[in-house]
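Residue-level structure breakdown
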Amino acid sequence: MDEKSYSLKKMFRLHVRIGFLVTLVVFILGFIFIPEFETKPYKPKVGNVIIIDIMPPQLENIAKPPPPSRPKMPVAAKSDEDVEARTIDKTNFNDEGGKVPVIEFEPPRFVAYDVPPKPLNLDKVKFEYPKSVIMLGVEGTVYLELWIDKEGNVRNVILAKSFYPTLDKIAVENARNLKFSPAMQRDKPVAVRYSFPVHFKLE
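Residues numbered from 1 in each chain as written. Predicted model: local features only at pLDDT ≥ 70, side-chain atom pairs only at ≥ 80, totals over all residues. Heavy atoms only, no water.

Bringing the pairing of strand 3 (residues 154-161) into the picture now. Taken together, the 6 bridges between strand 2 (residues 140-148) and strand 3 define a ladder with antiparallel strand orientation. By the bridge assignment for strand 3, leucine 144 is matched with leucine 159. Once strand 2 ends, the chain turns through 5 residues before running back antiparallel as strand 3, passing glycine 152 with a positive phi of about 90°. (Pairing = 2+ DSSP bridges. Helix = DSSP H or I, 4+ residues; strand = E, 2+ residues; numbered from the N terminus.)

Turning next to the pattern of salt bridges. Opposite charge on two side chains permits pairing when their charged atoms draw close. Counting across every chain of the model gives 3 salt bridges. A salt bridge links arginine 193 to glutamate 145, with the nearest nitrogen and oxygen atoms 3.5 Å apart. Pair noted here: arginine 193 is in strand 7 (residues 192-200) and glutamate 145 is in strand 2, with a separation of 48 residues, a long-range link. Classification of arginine 193 as buried rests on a relative accessible area of 15%. Between arginine 155 and aspartate 149 there is a salt bridge whose closest N-O contact spans 3.5 Å. By relative accessible area, which is 6% here, aspartate 149 ends up buried. Each member of the salt-bridge network shares a partner with another, and the members are Glu106, Glu145 and Arg193. (Salt bridge = Lys/Arg side-chain N within 4 Å of Asp/Glu carboxyl O. Buried < 20%, exposed > 50% of the residue type's maximum accessible area, 1.4 Å probe, protein only.)

Judged by pairing direction, the sheet is antiparallel, and its 3 strands sit side by side in the order 3-2-7 without closing on themselves. Strands with a single pairing partner mark the edges of an open sheet, and in this sheet they are strand 3 and strand 7. Pairwise comparison of adjacent strand axes, ignoring direction, gives a mean angle of 30° for this sheet. Relative to strand 7, strand 2 runs antiparallel, the two being bridged by 9 bridges. When the sheet's bridge partners are listed, glutamate 145 is paired in strand 7 with serine 195. Those strands touched by helix 5 (residues 165-175) are strand 2, strand 3 and strand 7, and its axis lies near 30° from that of strand 2. (Axes fitted to C-alpha atoms, helices over the stretch in contact; angles between N-to-C directions. Contact = heavy atoms within 4.5 Å.)

Once that is clear, we can look at the side chain of aspartate 149. Following the sequence through the fold, aspartate 149 ends up in the loop between strand 2 and strand 3. Engagement of the side chain of aspartate 149 in a polar contact is seen with the backbone nitrogen of glycine 152, the distance being 3.0 Å. Of the polar contacts made by the side chain of aspartate 149, one reaches the side chain of arginine 155; its length is 3.5 Å. The residues contacting aspartate 149, other than those within four sequence positions of it, are Phe105, Arg155, Pro182, Val190 and Ala191. (Polar contact = N/O pair within 3.5 Å; in protein donor to acceptor, adjacent residues only side chain to side chain.)

Turning our attention to helix 5. Within helix 5, burial applies to Leu167, Asp168, Ile170, Ala171, Val172, Asn174 and Ala175. Of the surrounding elements, those touching the buried residues of helix 5 are helix 4 (131-136), strand 2, strand 3 and strand 7.

Now for a nonpolar patch on the surface. Together, Phe20, Leu21, Leu24, Val25, Ile28, Leu29, Ile32 and Phe33 give the surface a local cluster of nonpolar side chains, amounting to about 840 Å² of exposed area. Here leucine 24 is to be found in helix 1 (residues 3-33). (Patch = residues over 30% accessible without salt bridge, like charges linked within 9 Å, V, L, I, M, F, W, Y side chains within 5 Å. Areas by Shrake-Rupley, 256 points an atom, 1.4 Å probe, with all protein chains shown as cover.)

In short, geometric facts, not functional conclusions.
Right, here's the structure in full:
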């Protein structure tokens, strides 16, 4: 073993004791010579205080509002005619000048559904070719976007992709007559936007 390392291990305890005594002496001298700090309570600054002894005439001459009147007590009607004369007619929400109010309908852009809507009367709604188009031999597909409510009714038809103006018009007009089974989401009907292609093909 080296003599230098041996001497360090031997003097280790002495060094620790000397360091502890020096630290203790420094703390004691600090408490003796460092002045004490006195804490002073906070006192908010108070500005000029204005005291009004005399009320201005505008405030003195304010008229007090009259006391509220007592509610009228219910009185028994003298006859049935008096009851009918004082009875308010029932409000008819369906009668607005002979016009039925139109309720705006617009389904969300995307609705997840488990069961898609299915056409129920496709065999009865005929997308017939006009004679003018038959002579030209035009064939193709018109793509529509149908707004279908919870009852399966087609509430709106939008031409998503045009093919031929005459066939576009026939597809849009006849699609309004379609009836669908509603789309189902967790066994509940939901309103959806449904892509519906109409194929025009010459036989």
